[in-house]
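Residues per chain, in single letters:
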Amino acid sequence: GEPFQPPVPDALKPLLHKIIKDTNSTHDHTKERPRFVPATPTSPALICQRVDGQDGKAGVLCKVAPRNTTGPSHESPHRSENNTRNLKALAHDVASQARQLEEETRQMHVLPLHAAPAVYRWQKSSTFVYVSNKKHYYNVHYADSSALKIKTGQDFVQLGPYTVATRFGLIEEAVSGMPGADLQGADGILGFGYSDFRRSASLMKTMTRMARPSWNVVQPPGTAILEHNVFSVLTSFTAGELQLGGYDRESYDGDMMWTPMMNQTGYGMLITSVKYMGHELLDLGPIGKRAGGVMGVVDSGSTCMEVPKGLFKGFYASSLFDNFAAQASKDPSQPIELTLGGGHVLSIPQSVWSEPWGCTNPFKEDNVLLLGHHLFKAYMVVHDMSVPHYRMGFAPIRKSYVPKIGQTATPPPPGGGRGADTPQ
């Protein structure tokens, strides 16, 4: 259950610690140049750069050097000019990413805890209604195996320009021993799961219609309703953005890659191929071949990428996670390529699945490839439930785009229509 990290040979640990120690006395660490770490019998050559964190802590960011690299010129006078050029390019890349990581860390250090002017207190709301049920509480389970005990309440909820009467869960406690225990003390969770079930707790379902008959909820006259049942999410290291009713073309590059949703109770999609450095990792058994691939689930509420570990009663001929770990340990700097139903290839960069930005875990509980919130730092993800679509969309976030906080999109000009690709 531990996050996957390529092992660091014991012979390298003193040298990596020395990189940090040697630069402790330097006041401006951005002037430090990347260090070359020679290969050992169990590890390739590395280019490493010190990275300063918070509270005086520091770490080392390393990337695998080109094969057959022997180090600086004074160590190998016969090294080719091409090899030198590749080594310098990699050193520049490592130094640039180290500076970026330090800058993001500094920004995270000063972020306010709450953007809202006040925390919701149901006891002080004149419109709050406690919804009594036969059960005293419900257990709510999330895709990453975390769980909560909740009661049910009803009140008016405002999200951007929309204010609707809806039901929601009141967190009583995190289920003991479950990963959700780290949610204790949170103000709440904005859940965007969706289903067409009659009693679906989805906020999106409430926002797109005037009534929820099974809840005896009818919106007041004049309530603004979300026209298109679509929402999009993207994030950076320090902020996130939710786009309601569509997606903003200014926030991404290239074309939107669409793939059908596999189910209508979660954001699942078919993945027909998983490759790393050209090696196919998805080794399906008889059951998996009949299914045509593994289901991938996009979940902004989960942290890491969770890769199925195990054979799941013949679904796999060999473990998907073990196959991935075997290839990634050779060179932990390459993207993972997922072929989606419909043929589009989603390239998962190293920043999504590997430390220090992302993480990957073996998933033993469920046979799904779970793509957590780190994916949303690389791609804008569109969730389209407008009938008859039910599809997922992915597009690389434009590098110059900065997530907007607390802004409402400008309405269309008089007489102008609102396209399905324009957020409300």
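Residues numbered from 1 in each chain as written. Predicted model: local features only at pLDDT ≥ 70, side-chain atom pairs only at ≥ 80, totals over all residues. Heavy atoms only, no water.

Q: Please clarify how the sheet that holds strand β3 (residues 58-64) should be interpreted in this entry.
A: The strands making up a sheet associate through backbone hydrogen bonding, with each pair oriented either parallel or antiparallel. Ordered in space as β1-β2-β3, the three strands form an open sheet in which the pairing is antiparallel. Unpaired on one side and paired on the other, β1 (35-37) and β3 mark the two borders of the sheet. Averaged over all adjacent pairs, the angle separating strand axes in this sheet is 35°, with direction ignored. Here seven bridges tie strand β2 (residues 46-52) to β3, and the two strands are oriented antiparallel to one another. Bridging from a neighbouring strand, Gln 49 pairs with Leu 61 of β3. (Pairing = 2+ DSSP bridges. Helix = DSSP H or I, 4+ residues; strand = E, 2+ residues; numbered from the N terminus. Axes fitted to C-alpha atoms, helices over the stretch in contact; angles between N-to-C directions.)

Q: Would you mind showing me how to read the confidence of the model for the protein here?
A: Any residue range with low pLDDT should be treated as having predicted coordinates unsuitable for detailed reading. Residues with a pLDDT of 70 or more make up 73% of the protein, whose mean pLDDT is 79. Within the protein, the lowest mean pLDDT, 66, falls on strand β5 (residues 138-141), and the highest, 97, falls on strand β17 (residues 336-340). In the predicted structure, residues 109-115 sits below a pLDDT of 50 and forms five contacts with residues beyond four places in sequence or in another chain. Segment residues 410-420: pLDDT under 50, and eleven contacts once partners within four positions in sequence are set aside and those in other chains are kept. (pLDDT = per-residue confidence, 0-100. Contact = heavy atoms within 4.5 Å.)

Q: Would you mind showing me how to read the pairing of strand β19 (residues 360-363) here?
A: Remark: a regular strand shows side chains that alternate across the two faces of the sheet. Where burial is concerned, the two faces of β19 agree: the one with Thr 360 and Pro 362 and the one with Asn 361 and Phe 363 are both buried. Relative to β19, strand β16 (residues 305-308) runs parallel, the two being bridged by four bridges. By the bridge assignment, Met 305 is partnered in β19 with Thr 360. (Buried < 20%, exposed > 50% of the residue type's maximum accessible area, 1.4 Å probe, protein only.)

Q: How should I be thinking about the packing of aromatic side chains in this particular structure?
A: Centre-to-centre distance and the angle between the planes together describe a pair of aromatic rings. Throughout the structure, instances matching the rule amount to eleven aromatic pairs. Judged by centre distance (5.9 Å) and plane angle (65°), the ring pair of Tyr 247 and Trp 258 falls under edge-to-face. Residue Tyr 247 is found in the loop between β11 (240-244) and β12 (257-260), and its partner Trp 258 is found in strand β12; the two are separated by eleven residues along the sequence. Under the relative-accessibility criterion, Tyr 247 is labelled buried at 9%. With a centroid separation of 5.8 Å and 85° between ring planes, the pair formed by Tyr 276 and Trp 353 is classed as edge-to-face. One end of the pair, Tyr 276, is in strand β13 (residues 268-276); the other, Trp 353, is in helix α6 (residues 350-353), and 77 residues separate them in sequence. (Phe/Tyr/Trp six-rings, centres within 6.5 Å; stacked < 30°, edge-to-face > 60°.)

Q: So what exactly am I meant to see when it comes to the sheet that holds β11 here?
A: The sheet built from five strands is open, its strands ordered β11-β10-β21-β22-β12 with antiparallel pairing. The sheet is open, and its two borders are formed by β11 and β12, each paired with just one other strand. Here the average twist between neighbouring strands, direction ignored, is 20°. As judged from the four bridges shared by strand β10 (residues 230-235) and strand β21 (residues 379-384), these two strands associate in the antiparallel manner. Paired with Val 230 across the two strands is Asp 384, which belongs to β21.

Q: Would you explain the state of the cysteines in this entry?
A: Linking two cysteines covalently through their sulfur atoms gives a disulfide. Overall, the coordinates contain two disulfides when judged by the stated rule. Residue pairing for Cys 48: its cysteine sulfur links by disulfide to Cys 62, the two sulfurs lying 2.1 Å apart. What sets the handedness of the Cys 48 and Cys 62 disulfide is the S-S torsion sign, and at about 110° it is right-handed. With Cys 48 in strand β2 and Cys 62 in strand β3, this pair connects stretches of sequence that are 14 residues apart. Among the residues examined, Cys 62 registers a relative accessible area of 27% and is labelled partly exposed. Here Cys 304 connects covalently by a disulfide to Cys 359, the sulfurs 2.0 Å from one another. The sign of the S-S torsion, about -95°, decides the handedness of the disulfide formed by Cys 304 and Cys 359: left-handed. Pair noted here: Cys 304 is in the loop between β15 (294-298) and β16 and Cys 359 is in the loop between α6 and β19, with a separation of 55 residues, a long-range link. By relative accessible area, which is 7% here, Cys 359 ends up buried. By sequence order of its bonded cysteines, the protein has the disulfide arrangement 1-2, 3-4. (Disulfide = S-S within 2.5 Å.)

Q: Explanation requested: the side chain of Gln 219 in the structure shown.
A: Tracing the backbone shows Gln 219 in the loop between β9 (217-218) and β10. Within the structure, Gln 219 has its side chain in polar contact with the backbone nitrogen of Ala 165 (distance 2.9 Å). Excluding its chain neighbours within four sequence positions, the residues that come into contact with Gln 219 are Val 164, Ala 165, Thr 206, Arg 209 and Met 210. (Polar contact = N/O pair within 3.5 Å; in protein donor to acceptor, adjacent residues only side chain to side chain.)

Q: Help me understand unusual backbone geometry in this model?
A: In most cases, non-glycine residues show a negative phi, while peptide bonds are predominantly trans. With a phi angle near 60°, Asn 216 is a residue other than glycine that sits in the positive phi range. Counting through the fold element by element, Asn 216 comes out in the loop between β8 (211-212) and β9. Overall, Asn 216 belongs to the exposed group, its relative accessible area being 71%. Its identity is not glycine, yet Met 277 carries a phi of approximately 55°, on the positive side. Assignment of secondary structure puts Met 277 in the loop between β13 and β14 (279-280).

Q: Please explain the nonpolar core as it appears in this structure.
A: Within soluble globular proteins, side chains that are nonpolar generally end up buried alongside one another. Among the nonpolar cores identified, the biggest contains 51 residues, and Leu 244, Val 274, Val 298, Ile 336, Leu 338, Leu 375 and Phe 394 are the most heavily contacted of them. When residues in this core are grouped by element, the largest group, five residues, is from helix α5 (residues 320-328). (Core = buried A, V, L, I, M, F, W, Y, C linked by side-chain atoms within 4.5 Å.)

Q: What am I meant to see in the pattern of salt bridges here?
A: Side chains that differ in sign of charge can pair as their charged atoms come close. Counting across every chain of the model gives five salt bridges. With its nearest N and O atoms 3.0 Å apart, the salt bridge here joins Arg 391 to Asp 384. What makes Arg 391 partly exposed here is its relative accessible area of 22%. With relative accessibility at 4%, the residue Asp 384 sits in the buried group. Three or more residues joined by partner-sharing salt bridges are found here, namely Glu 250, Asp 253 and Arg 398. (Salt bridge = Lys/Arg side-chain N within 4 Å of Asp/Glu carboxyl O.)

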